[in-house]
Amino acid sequence: MKLIRNQDAKVELIPYILQSFGDPSRIDYGTGHELNFVALMYCLYSLGIFVKDDFSSLVNFVFKEYVKLVRKLQRVYRLEPAGSRGVWGLDDYTFLSFYWGAAQLVGHFSPNSVRDEKILKENSDDFLYFSSIKYIKEMKSGPLSETAPILYDISFLPTWKKINSGLLKMFKVHSLLTCARIVY
């Protein structure tokens, strides 16, 4: 891994880092903060710190650990969701863990497996999507059909590939095409 020696790059990266963990004045966290972290990873890629061969590891290890950390911050500091039900309406706090998590699950389990408590418990450490569903169940009371109705409905689709492509379309429409702002 390269060191960042360019002072201008450091100055540009700091806001992405700081805004990746929630807003300290509003005491909230949401999809905009998550997007700041992804933008940070992209900036590091643009600077040559990461290369394309790192992308899988960035999601499966770096992003996964980031998600664990922000969940801990949400619990410890009782961070409120930024906005109502997240920018994309899947979850109060995150979107990309579902998109990348669905990609991880292609060829592993059927989508209805998110409704199986045993599968969730046994596989949530290995798969982002399962981890995210498990987290919702820990944080909210009631069945998934009430606490996360879109995610519950998605579980009836036939394949993870279809879910993943649908989530990408959602991301494009609600983030890229409507210019969802990165909090900064």
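Residues numbered from 1 in each chain as written. Predicted model: local features only at pLDDT ≥ 70, side-chain atom pairs only at ≥ 80, totals over all residues. Heavy atoms only, no water.

Digging into the overall build of the chain
Part 1: If you tally the helices and strands in the chain, you get nine helices and two strands.
Part 2: For the chain, the sequential pattern of α-helices and β-strands runs α-β-α-α-β-α-α-α-α-α-α.
Part 3: Every one of the 184 residues in the chain was classed for burial, and the buried ones make up 45%.
Part 4: In the chain, the share of contacts with a sequence separation of at least 24, taken over all contacts with a separation of at least 6, comes to 68%.
Part 5: Carbon and sulfur atoms make up 58% of the accessible area of the chain, which totals about 10,400 Å². (Helix = DSSP H or I, 4+ residues; strand = E, 2+ residues; numbered from the N terminus. Buried < 20%, exposed > 50% of the residue type's maximum accessible area, 1.4 Å probe, protein only. Contact = heavy atoms within 4.5 Å. Areas by Shrake-Rupley, 256 points an atom, 1.4 Å probe, with all protein chains shown as cover.)

Let's talk about helix α2 (residues 31–46)
Part 1: With 16 residues, α2 should cover 22 Å at 1.5 Å per step; its first-to-last C-alpha distance of 22 Å lies within 8% of that length.
Part 2: Across the 16 residues of α2, twelve count as buried, placing the element largely inside the fold.
Part 3: For α2, every residue scored as buried is listed here: Thr31, Gly32, His33, Glu34, Leu35, Asn36, Phe37, Val38, Ala39, Leu40, Met41 and Leu44.
Part 4: Looking one or two residues past α2, Gly48 carries a phi angle of roughly 85 degrees, positive in sign. (Expected span 1.5 Å × (residues − 1).)

Things to note about the pattern of salt bridges
As a working rule, side chains carrying opposite charge can pair if their charged atoms are close by.
Part 1: One pass over the structure, following the stated rule, counts six salt bridges.
Part 2: For Arg26, the salt bridge goes to Asp23, with nearest N and O atoms at 3.3 Å.
Part 3: Owing to a relative accessible area of 45%, Arg26 belongs among the partly exposed residues under this scheme.
Part 4: Overall, Asp23 belongs to the buried group, its relative accessible area being 10%.
Part 5: Taking the shortest distance from any N to any O, the salt bridge between Arg26 and Asp28 comes out at 3.0 Å. (Salt bridge = Lys/Arg side-chain N within 4 Å of Asp/Glu carboxyl O.)

Quick word on the side chain of Asn164
Part 1: Structurally, Asn164 is set in helix α9 (residues 160–176).
Part 2: The contacts of Asn164, once residues within four sequence positions are left out, are Tyr99, Ala102 and Ala103.

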